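# Structure assessment
Spelled out from the first residue to the last, the chains are:
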Amino acid sequence: MTKKEEILKEIERLRKEKDVIILAHYYTNPEIQDIADYIGDSLGLSQMAAKTESSTILFCGVRFMAETASIISPGKRVLIPDITAGCSLADSIASKNIQEWKNKNPNGLVVSYVNTTAEVKALTDICCTSANAAKVITSIPENIKVLFGPDKNLATYIKTITGRDIDIWDGDCCVHEDFTTAKVDDLIRRHPDAEILIHPESNCSHHPSILERDNAYILSTSGMVKRAGESPAGKFIIVTEPGVLHQLNLMHPGKTFIPVDINNKCYQMRKVTLEKVLWSLQNDEFLVEIPETIRAKAYPSIERMLQINSL
Ligand code: 13P
Ligand code: SF4
């Protein structure tokens, strides 16, 4: 048996023995996606964390995602294989920034992207993900000003398509910020027959030359996977973290997927390895614990999002 086979066998034994569900984001390493019980985007993973009956969630992703799972599932144990897996977006706004923003806009309503810390969520009115941001914004009465953070590209895209009065925080994802219109235009020139699937965190997502195209779709990660199956196109330019190509290729073997930049990976997501998953299962570490005072304040912002999403 190879070393990898031994690790996989032990992971399999421990996950059953300890009643663990393994959740993984589409941007994790392929071998992590291959052992996951469920692979999803931020919204899908939150929904799965809320509904699973397993007593332990092993979250293969970054810290804010495991925190979100812990906020909505107080009775369950949430483990993350690498506690240092952070996120440039989540780091771009702190709770004191939100408090100051609210003080300056006392009638404003805070909508936070789910890529935020538990402390930021505790000061947030409604959370959103890339899959439901437009739905969340249009659920808010038009006369209310929205304070939207921390992703400026997603916020600008939503402001453009909804025409709403949105104050935008100046944060970005260091991976998606690098997916510029120039890079996408270059690929479009080389593959004129391809459909273009763009994550809204991307720098190019709200650029007029992109929005004017009838073969470009702005979608969350799970939206891309769905569109690739439904579309009559056989070729796609994929403008997001290249981890999603693993599922796209597995699910649609007859189609061609061209990543905008195969080398621009989220190294935070990629910190999760099979060795760390095994260590996590063996040691019941790292346990994600949110102080109850913070958890109780953060919970309604996620619950509202899940309610709006189900409407
Ligand atoms: P989604 O999972 O909502 O597609 O967002 C992508 C992302 O960058 C998550 O960190
Ligand atoms: Fe954060 Fe970007 Fe990595 Fe997602 S891809 S976890 S937004 S740094």
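Residues numbered from 1 in each chain as written. Chains lettered and ligands numbered in written order. Predicted model: local features only at pLDDT ≥ 70, side-chain atom pairs only at ≥ 80, totals over all residues. Heavy atoms only, no water.

### Brief notes about the site of ligand 2
All residues in the neighbourhood of ligand 2 are listed as Tyr-27, Val-62, Cys-87, Ser-88, Leu-89, Asn-115, Cys-173, Glu-201, Cys-266 and Met-269. In terms of residue class, the shell around ligand 2 is made up of seven nonpolar, two polar and one charged. (Near = heavy atom within 4 Å. Nonpolar A, V, L, I, M, F, W, Y, C, P; charged D, E, K, R; others polar.)

### Concerning the sheet that holds strand S7 (residues 146-149)
What holds strands together in a sheet is hydrogen bonding between their backbones, with the strands either parallel or antiparallel. Strand order in this open sheet of four strands is S6-S5-S7-S8, and the pairing throughout is parallel. The open sheet has two edge strands with one neighbour each: strand S6 (126-128) and strand S8 (166-168). For this sheet, the mean inter-axis angle between neighbouring strands, taken without regard to orientation, is 25°. Across four bridges, the pairing between strand S5 (residues 109-113) and S7 is parallel. Looking at S7, one finds that Leu-109 is bridged to Val-146. Relative to S7, helix H6 (residues 95-104) is tilted by about 160°, and along the sheet it contacts S5, S7 and S8. (Pairing = 2+ DSSP bridges. Helix = DSSP H or I, 4+ residues; strand = E, 2+ residues; numbered from the N terminus. Axes fitted to C-alpha atoms, helices over the stretch in contact; angles between N-to-C directions. Contact = heavy atoms within 4.5 Å.)

### Some words on the packing of aromatic side chains
For the coordinates displayed, the defined rule picks out three aromatic pairs. Look at Phe-236 and Phe-257: their rings are 5.3 Å apart centre to centre, the planes differ by 20°, and that puts the pair in the stacked class. Of this pair, Phe-236 sits in strand S11 (residues 235-239) while Phe-257 is found in strand S12 (residues 256-259), placing the two residues 21 residues apart along the sequence. Of the two residues, Phe-236 and Phe-257, both sit in the buried class. For the pair Trp-279 and Phe-286, a centre-to-centre distance of 5.0 Å together with 45° between the ring planes defines the contact as tilted. Residue classification places Trp-279 among the partly exposed residues on the basis of a relative accessible area of 34%. Taking the ring centre of Tyr-217 as reference, the NZ or CZ of Arg-227 above it sits at 4.2 Å. (Phe/Tyr/Trp six-rings, centres within 6.5 Å; stacked < 30°, edge-to-face > 60°. Buried < 20%, exposed > 50% of the residue type's maximum accessible area, 1.4 Å probe, protein only. Lys NZ or Arg CZ within 6 Å of the ring centre and 35° of its normal.)

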